[in-house]
Amino acid sequence: MRFADLAARLATVPAALPAPAADLMPVFTGPAGTRPLSVPLDRAAVRQAAVLVLLFPDSVGEARVVLTERVMRDGHHSGEVSFPGGRAEPEDADLAATALREATEEVALDARAAGVTVIGELERFWIPVSNYEVTPIVALADRRPVLVASPDEVARIVEPRIAAFLPGAPFEVVERTIRGWPLRYGAYRVEGLSVWGATARVLSQLGALLVD
């Protein structure tokens with residue numbers, strides 16, 4: 001997909017967003033009565049976070065998106081493919097500021113040098129294992145950003161074409177037991193990495209928005 005076409009489609013992000021692809025969403029396959037929570041029991045205890053969905057043109061004008069492979073450690077999301085992002089801090093003016101700050105820390109994003117403009121949000125979602133409500137912040141860069149992975153947080157930066165996530169793009173169905181929960185979900189394959197869960201959800205919703 002051409003970046004110019006993407007930018008035109010996202011001139012305004014509508015309030016009514018298309019649903020993420022159902023086939024990508026994790027489904028619990030264990031016995032009835034042992035299903036994990038789908039909504040938080042205590043909304044007041046939920047923590048806020050934001051991720052940056054940064055889209056930019058490559059050297060031939062194709063639209064690409066910034067993803068990271070997280071370093072392996074003991075955290076809930078270690079080793080997974082994600083967007084730059086993290087928890088909101090008191091000094092952040094808003095969740096867009098959170099996403100930009102985290103991208104600066106994780107991949108050394110210089111928003112001014114890349115001509116980054118925040119254009120809106122995608123659907124918020126709750127991650128049970130970490131009890132975060134995550135807001136995807138969509139931003140466009142005028143030019144390809146110069147990025148450097150923070151060795152403490154990011155093992156690798158990948159920049160796939162957004163065409164890989166449009167409706168009809170191929171994905172694989174995976175069945176795994178994760179932290180004791182048997183799950184089935186759809187996953188995109190990107191440069192040898194499996195993109196699933198919250199990241200796949202955001203990408204599929206973005207893809208649907210671009211062709212809706």
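Residues numbered from 1 in each chain as written. Predicted model: local features only at pLDDT ≥ 70, side-chain atom pairs only at ≥ 80, totals over all residues. Heavy atoms only, no water.

Looking at the sheet that holds strand S4 (residues 67-70)
Strand pairing in a sheet is mediated by backbone hydrogen bonds. Such pairs are either parallel or antiparallel.
Stage number 1. Read across the sheet, three strands follow the order S5-S4-S10 without closing on themselves; strand pairing throughout is antiparallel. Single-partner strands in this sheet number two, and they are strand S5 (81-82) and strand S10 (154-158).
Stage number 2. Where S4 and S5 come together, two bridges link them in antiparallel fashion. Across the sheet, residue Glu69 finds its bridge partner in S5, namely Val81. (Pairing = 2+ DSSP bridges. Helix = DSSP H or I, 4+ residues; strand = E, 2+ residues; numbered from the N terminus.)

Section: the nonpolar core
Stage number 1. Counting residues in each nonpolar core, the largest one holds 36 residues, and the members touching the most others are Leu6, Leu10, Leu55, Val65 and Ile162.
Stage number 2. Only helix H1 (3-9), strand S2 (47-57), strand S3 (63-65), strand S8 (125-127), strand S9 (132-141), strand S12 (181-190), strand S13 (193-195) and helix H4 (197-211) provide two or more residues apiece to this core.
Stage number 3. No other element matches H4, which puts six residues into this core.
Stage number 4. What Leu10 contacts, discounting residues up to four positions off in sequence, is Leu55, Ile119, Val138, Leu140, Leu206, Leu209 and Leu210.
Stage number 5. Residues Val66, Ala103, Val107 and Ala114 belong to the second largest nonpolar core, which totals 18 residues. (Core = buried A, V, L, I, M, F, W, Y, C linked by side-chain atoms within 4.5 Å. Buried < 20%, exposed > 50% of the residue type's maximum accessible area, 1.4 Å probe, protein only. Contact = heavy atoms within 4.5 Å.)

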